[in-house]
Amino acid sequence: MTDSSKGEAALGYQGEETIFALASGVERAAIAVMRVSGKGSAALLEQLCGRLPPPRHASLRRLWRDAQTRETELDHAVVLWFPGPASYTGEDGFELHLHAGPAIIRAVSDVLVEQGARPAEPGEFTRRAVVNGRMDLLEAEGVADLVAAETEGQRRQALAQTDGALSRMYKGWADQLKQSLSWQEALIDFADEELPPEVEQALLSGMASLLAEMEQHVAEGQQGERIRGGMIFAIAGPPNAGKSSLLNWLAGRDAAIVSPVAGTTRDALEIVTTLAGIRVTFIDTAGLRETEDAIEAEGVRRALFHVKQADCVIQMFAADAPPQTVFPGAVLVGNKADCGRVPESVEDVPVVAISLRTGDGLQVLRTVLERQAETLTASSSGMPLLTRARHAAGVREACEHLQAAMQQDWPEMRAEELRLAMRALGRLTGEVGVEDLLDAIFGQFCIGK
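What you see is a predicted model; the values in this text were computed from it and never measured. (Residues numbered from 1 in each chain as written. Predicted model: local features only at pLDDT ≥ 70, side-chain atom pairs only at ≥ 80, totals over all residues. Heavy atoms only, no water.)

J.: Sorry if this is basic, but what is going on with the pattern of salt bridges here?
T.: Any two side chains of opposite charge can pair, so long as their charged atoms come close to each other. Applying the stated criterion across every chain, the model contains 18 salt bridges. The salt bridge involving Asp 136 is made with Lys 171; its shortest N-O contact spans 3.5 Å. Here Asp 136, found in the loop between helix 4 (124-131) and helix 5 (137-148), pairs with Lys 171, found in helix 7 (residues 165-189); they are 35 residues apart in sequence, far enough to count as distant. We classify Lys 171 as partly exposed; its relative accessible area is 34%. In this structure, Arg 419 engages Glu 416 in a salt bridge whose closest nitrogen and oxygen atoms are separated by 3.4 Å. (Salt bridge = Lys/Arg side-chain N within 4 Å of Asp/Glu carboxyl O. Helix = DSSP H or I, 4+ residues; strand = E, 2+ residues; numbered from the N terminus. Buried < 20%, exposed > 50% of the residue type's maximum accessible area, 1.4 Å probe, protein only.)

J.: Please clarify how the sheet that holds strand 5 (residues 93-99) should be interpreted in this entry.
T.: Each strand in a sheet pairs with another by means of backbone hydrogen bonds, the pair being arranged parallel or else antiparallel. Ordered in space as 3-4-5-2-1-6, the six strands form an open sheet in which the pairing is mixed. Whereas interior strands pair on both sides, the edge strands pair on one side only; in this sheet they are strand 3 (59-66) and strand 6 (118-119). The pairing of strand 1 (residues 19-22) with strand 2 (residues 31-37) spans four bridges and is classified as antiparallel. Looking at the pairing, Ala 21 lines up with Arg 35 of strand 2. Against the sheet, helix 2 (residues 41-49) engages strand 2, strand 3, strand 4 (71-82) and strand 5, with an angle of about 90 degrees to strand 3. (Pairing = 2+ DSSP bridges. Contact = heavy atoms within 4.5 Å. Axes fitted to C-alpha atoms, helices over the stretch in contact; angles between N-to-C directions.)

J.: How should the sheet that holds strand 9 (residues 278-284) be read in this particular structure?
T.: Read from one edge of the open sheet, seven strands run 8-9-7-10-11-13-12, paired in mixed fashion. In this open sheet, the two edge strands, each paired with only one partner strand, are strand 8 (269-275) and strand 12 (345-346). Two elements, strand 7 (residues 231-236) and strand 9, share five bridges in a ladder whose sense is parallel. Bridge pairing links Phe 233 to Phe 282 in strand 9. Lying over the sheet, helix 12 (residues 362-376) contacts strand 7, strand 8, strand 9, strand 10 (312-318), strand 11 (331-335) and strand 13 (349-353), oriented at roughly 140 degrees with respect to strand 7.

J.: Any chance you could explain the packing of helix 8 (residues 198-219) against helix 14 (residues 411-429) here in plain terms?
T.: Packed helices, taken two at a time, are described by their axes: the angle between them and the distance between them. Across the interface, helix 8 lies against helix 14 with an axial gap of 14 Å and an inter-helix angle of 30 degrees. The orientation of helix 8 with respect to helix 14, classified from their angle, is roughly parallel. Every pair of crossing elements has a handedness; the one defined by helix 8 and helix 14 is left-handed. Here Glu 200, Leu 203, Leu 204, Met 207 and Met 214 of helix 8 lie close against helix 14, whose contacting residues are Arg 414, Leu 418 and Leu 425. (Parallel < 35°, antiparallel > 145°, perpendicular 65-115°, else oblique. Left-handed = near helix turned anticlockwise from the far one by under 90°.)

J.: Explanation requested: the packing of aromatic side chains in the structure shown.
T.: Any aromatic ring pair is given by two values, namely how distant the centres are and how the planes are angled relative to each other. Counted by the stated rule, this structure contains two aromatic pairs. Ring geometry for Tyr 170 against Trp 173: centres 5.5 Å apart, planes inclined by 40 degrees, an arrangement best described as tilted. Taken together, the residues span about one helical turn, with Tyr 170 and Trp 173 both in helix 7 at a distance of three residues. Taken as a pair, Tyr 170 and Trp 173 share a single burial class, namely buried. (Phe/Tyr/Trp six-rings, centres within 6.5 Å; stacked < 30°, edge-to-face > 60°.)

J.: Sorry, what's going on with the nonpolar core here?
T.: In terms of nonpolar packing, the biggest core is built from 29 residues, with Tyr 170, Trp 173, Met 214, Val 395, Leu 402 and Leu 425 touching the most fellow members. Every element with two or more residues in this core is listed here: helix 7, helix 8, helix 13 (389-407) and helix 14. Of all the elements, helix 7 adds the most residues to this core, at eight residues. With residues up to four places along the chain from it excluded, the contact list for Leu 402 reads Leu 177, Met 207, Leu 210, Leu 211, Met 214, Leu 418 and Ala 421. Counting residues in hydrophobic clusters, the runner-up holds 26 residues, among them Leu 275, Val 352, Leu 365 and Leu 376. (Core = buried A, V, L, I, M, F, W, Y, C linked by side-chain atoms within 4.5 Å.)

J.: Before we go on, may I ask you to explain helix 2 in this structure?
T.: Because an α-helix completes one turn every 3.6 residues, residues spaced three or four positions apart along the sequence face the same direction. Of all the positions in helix 2, only Ser 41, Leu 44, Leu 45, Gln 47, Leu 48 and Cys 49 are classed as buried. Looking straight down helix 2, one finds its buried side chains confined to an arc of 165 degrees; they lie on one side. Taken together, the buried residues of helix 2 touch strand 2, strand 3, strand 4, strand 5 and helix 3 (102-114). Gly 50 lies just past helix 2 and shows a positive phi near 95 degrees. (Arc of directions from axis to C-beta.)

J.: Teacher, can you tell me more about the pairing of strand 3 here?
T.: Within a regular strand, the side chains alternate between the two sheet faces. In this structure, strand 3 lies alongside strand 4, joined through seven bridges in antiparallel fashion. Residue Ser 59 lies in a different strand from strand 4, and its bridge partner there is Val 79. Taking the residues that link successive antiparallel strands as the turn, the strand 3-strand 4 hairpin has four residues, and the phi of Arg 70 there is positive, at about 55 degrees.

J.: Explanation requested: unusual backbone geometry in the structure shown.
T.: In this chain, Gly 84 is followed by Pro 85 through a cis amide linkage whose omega measures 5 degrees. Notably, Asn 240 is not glycine yet its phi reads approximately 65 degrees, a positive angle. Residue Ala 276 is not a glycine yet carries a positive backbone phi of 50 degrees. Position of Ala 276 relative to the elements: it lies in the loop between strand 8 and strand 9. By relative accessible area, which is 28% here, Ala 276 ends up partly exposed.

J.: What's the story with the environment of Ala 318 in this structure? I'm lost.
T.: With respect to the helices, strands and loops of the structure, Ala 318 is situated in strand 10. Taking C-alpha positions, Ala 318 is 5.8 Å from Lys 336, a pair spaced 18 residues apart along the chain. Non-local contacts of Ala 318, meaning those with residues more than four positions away in its chain, are made with Ala 241, Asn 335 and Lys 336.

Written out as structure tokens, the structure is:
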């Protein structure tokens with residue numbers, strides 16, 4: 001958080017503009033939740049229902065255009081009053097649980113505007129929460145991911161980030177850097193004293209240990225991004241190996257044309273599903289072979305491109321035609337086990353034997369693919385996974401400064417590199433200069449959050 005933001009939070013900052021938004025979305029529903037926050041919230045709520053309900057207690061109230069004169073009844077609603085700073089934004093605010101008829105929502109919105117409130121911008125409620133110290137930037141990004149979560153893996157990861165798992169780790173690293181800096185400053189201030197050599201040795205040892213931990217976190221960053229954005233599994237192999245039939249089985253529908261004619265699939269076909277709670281896009285690619293057909297050759301070129309880009313390759317072959325080479329890290333699948341013997345392994349890579357015609361081995365294959373999805377998204381260190389390119393860039397920058405600090409002979413330069421490493425971590429959580437990031441981060445949010 002910036003220094004100005006900390007000052008605002010300490011003063012119990014209230015947004016000069018009172019904002020409102022429909023937090024429950026615009027789909028047809030029984031209940032619509034209207035969220036309001038800002039300096040004029042108390043007066044607005046009194047205008048609507050006459051008096052403030054007890055804080056954080058649901059109260060059934062009649063809403064009026066003007067509660068004092070009982071002019072124009074708007075709705076019977078459940079009202080929740082949240083005085084700051086113990087609220088989502090840190091400001092005074094309230095929620096109205098309205099009947100979700102469009103006319104009711106429009107009427108209440110009109111009254112709010114008449115009384116000086118304005119519609120909120122995307123992410124403005126959460127942005128105010130950050131400004132008021134109710135959460136940091138990492139937790140705010142977790143909120144955005146939680147709202148957008150479609151799979152169990154995305155939900156778990158976003159909830160951990162919202163609960164501060166990444167923030168606690170980065171702040172712990174910053175504290176270690178601060179400790180190292182204090183030792184380094186002591187070595188500078190008492191340069192004329194004969195301090196025992198163990199002091200500098202302990203300093204360098206601690207820096208090396210922290211650097212190794214941070215570098216491992218960056219190395220595992222792809223796992224977190226795979227959970228958040230999903231993975232790509234490319235199905236590759238020669239023509240008539242059963243690739244399109246496998247795609248159809250995974251999709252549970254006829255997504256691809258299946259034909260005994262070799263080269264039927266010319267372009268990549270995609271289906272999206274989940275494995276072990278992780279979003280996975282399966283891509284059925286053109287059969288890999290030498291061909292004089294220009295269109296099929298383009299399909300082969302695209303197939304090889306998808307193989308290179310994929311997080312995992314499902315390399316298929318017919319029982320009587322095992323491959324000569326295996327793609328790195330591929331899951332080998334031998335189809336047509338009902339027609340011939342499938343080898344147990346190729347180049348020491350185990351083969352999953354299946355028959356798409358009889359269904360034999362398909363559940364075993366699904367288990368293998370689920371384990372592959374879990375492996376590709378697991379943290380071997382047990383540390384929280386970073387989820388965005390911004391996080392990876394910030395930790396890499398901190399690593400670079402920490403590494404530079406370890407290589408410095410001048411004590412003052414080492415101290416400066418340690419300060420720069422702390423600053424890089426501080427930008428991740430929002431504790432130092434992040435004004436230029438706020439619009440980009442909160443622009444991703446929905447209205448009402």
